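Working through the structure, step by step
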Amino acid sequence: MKSKTHRKPVVLPPAVDETTVEAADSFGKRLDRPVRDLACLVVIAGAAIGEKIPLTQHRVVIGRLSDVEICLDDSMVSRRHAELAIGPDGRAVIRDLGSRNGTFCNERRVTEEVLHDGDLIRIGGTALKYLEADSVEHLYVSVMADRAAQDGLTGLFNKRTFQDHLRRAFSRCRNLHEPLSVILVDVDFFKRINDQWGHPVGDYVLKEIAVRLKDGFRPTDLFARWGGEELGLILPYTNGKEAAAVAERMRAGVASPPFVFEGRTIEVTISLGVAEMVESVEDADALVAHADQALYAAKREGRDRVACFADPPRLPARRRTRRRAA
């Protein structure tokens, strides 16, 4: 039986300096998310049923490998199964890449096929529907997909979307040896806010935090409502130091200026826990558990601060000496 090693989170004091700001800025320019008027694929059968996949690139590869653009966790899917390419004229073409079980369009096995709005693509046990950008069904599917993936109060992604996205990001980043970090956020003394000001103020605080923070992330990041007053952020291609700088910027963005509800000033702060995917982290759930431990450390240390989960220092191995024969 393996013994559990207790790791002590490293707590960062609530401070903003030039080094922190520079580290956050050097991490990369934060861009708006892509617009919705793009052709897309919608999963209508398979493990990810209901998911909408915008076609943001002119060529995407579909397969079982984690480094392809559309990864399908299905043993019937080849590692690089098919590709979908959009030409200069806007026409989309699906091509089989020599897969073992074939690529099907409208239940007909194809090597290469021009796609039209509403065509069905079947790869392994997954069925996808191709929707052109200007179709009415595309608009309907986009609205329904957004509603299914979003939290009704804050407009952020919901917990289920967070978990699904993190599992895929974890697998992809681990196989590609790319860094991945998670930040968990908790509103300090949220129960006190509800008790003192009322639940409408509590709802306002959550929505305002979402407004202040959600436009500050890259398209590859995912910001979600984890549950209650807790939020979560997935940062692919981001190490722990970079994630800590992002978390400090988030903390400062909530701490000032004060929140104002119907003329009343409300002081709101957040605590944040940061965890990085390292070799000892077995899966996505363990990564979240580490971020949760760091979050509780931040709250124990006084709140309104960032704490980072840290691996314990490795002790040098003991050298064994042979006993001399008497």
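Relevant structure appears above.
So, here's what we can say about the structure. Predicted model, so just to flag it, every value in this text is computed and none were measured. (Residues numbered from 1 in each chain as written. Predicted model: local features only at pLDDT ≥ 70, side-chain atom pairs only at ≥ 80, totals over all residues. Heavy atoms only, no water.)

1. Some points on the overall build of the protein
If you tally the helices and strands in the protein, you get seven helices and 19 strands. Burial statistics for the protein: of 326 residues in total, 43% are counted as buried. Long-range pairs, those at least 24 residues apart, make up 59% of the contacts in the protein with a sequence separation of at least 6. Total accessible area on the protein stands at roughly 18800 Å², and carbon and sulfur atoms take up 50% of it. (Helix = DSSP H or I, 4+ residues; strand = E, 2+ residues; numbered from the N terminus. Buried < 20%, exposed > 50% of the residue type's maximum accessible area, 1.4 Å probe, protein only. Contact = heavy atoms within 4.5 Å. Areas by Shrake-Rupley, 256 points an atom, 1.4 Å probe, with all protein chains shown as cover.)

2. A look at the packing of aromatic side chains
This structure, assessed with the given rule, holds four aromatic pairs. A centroid spacing of 5.1 Å and a plane angle of 75 degrees characterise the contact between Phe 162 and Trp 226, whose relative ring orientation is edge-to-face. A residue pair is termed long-range when its members are at least 10 positions apart, and Phe 162 in helix α3 (residues 159–176) and Trp 226 in strand β14 (residues 222–227) qualify at 64 residues. With a centroid separation of 5.2 Å and 45 degrees between ring planes, the pair formed by Tyr 204 and Phe 261 is classed as tilted. With Tyr 204 in helix α5 (residues 199–213) and Phe 261 in strand β16 (residues 259–261), this pair connects stretches of sequence that are 57 residues apart. Taken individually, Tyr 204 and Phe 261 each receive the classification buried, so the pair is uniform in this respect. Pairwise contacts between aromatic rings join Tyr 204, Phe 259 and Phe 261 into one cluster. We note Lys 159 situated over the ring of Trp 226; from NZ or CZ to the ring centre the distance is 4.4 Å. Taking the ring centre of Phe 259 as reference, the NZ or CZ of Arg 212 above it sits at 3.9 Å. (Phe/Tyr/Trp six-rings, centres within 6.5 Å; stacked < 30°, edge-to-face > 60°. Lys NZ or Arg CZ within 6 Å of the ring centre and 35° of its normal.)

3. With respect to the pairing of strand β12 (residues 126–131)
In regular strands, side chains alternate between the two faces of the sheet. In terms of burial, β12 is largely enclosed, as six of its six residues are buried. Neither face of β12 is exposed, since Thr 126, Leu 128 and Tyr 130 on one face and Ala 127, Lys 129 and Leu 131 on the opposite face are all buried. Sheet topology note: the strand β2 (residues 40–45)/β12 ladder contains five bridges and is antiparallel. For Val 43, the partnering residue across the bridge sits in β12 and is Leu 128. Direction of pairing for strand β11 (residues 120–123) relative to β12: antiparallel, over a ladder of four bridges. Across the sheet, residue Ile 121 finds its bridge partner in β12, namely Leu 128. Taking the residues that link successive antiparallel strands as the turn, the β11-β12 hairpin has two residues, and the phi of Gly 124 there is positive, at about 60 degrees. (Pairing = 2+ DSSP bridges.)

4. As for the environment of Gly 232
Within the fold, Gly 232 resides in strand β15 (residues 230–236). Apart from residues lying up to four places away in sequence, Gly 232 is in contact with Phe 162, Ile 183, Leu 184, Leu 222, Phe 223, Ala 224 and Trp 226.

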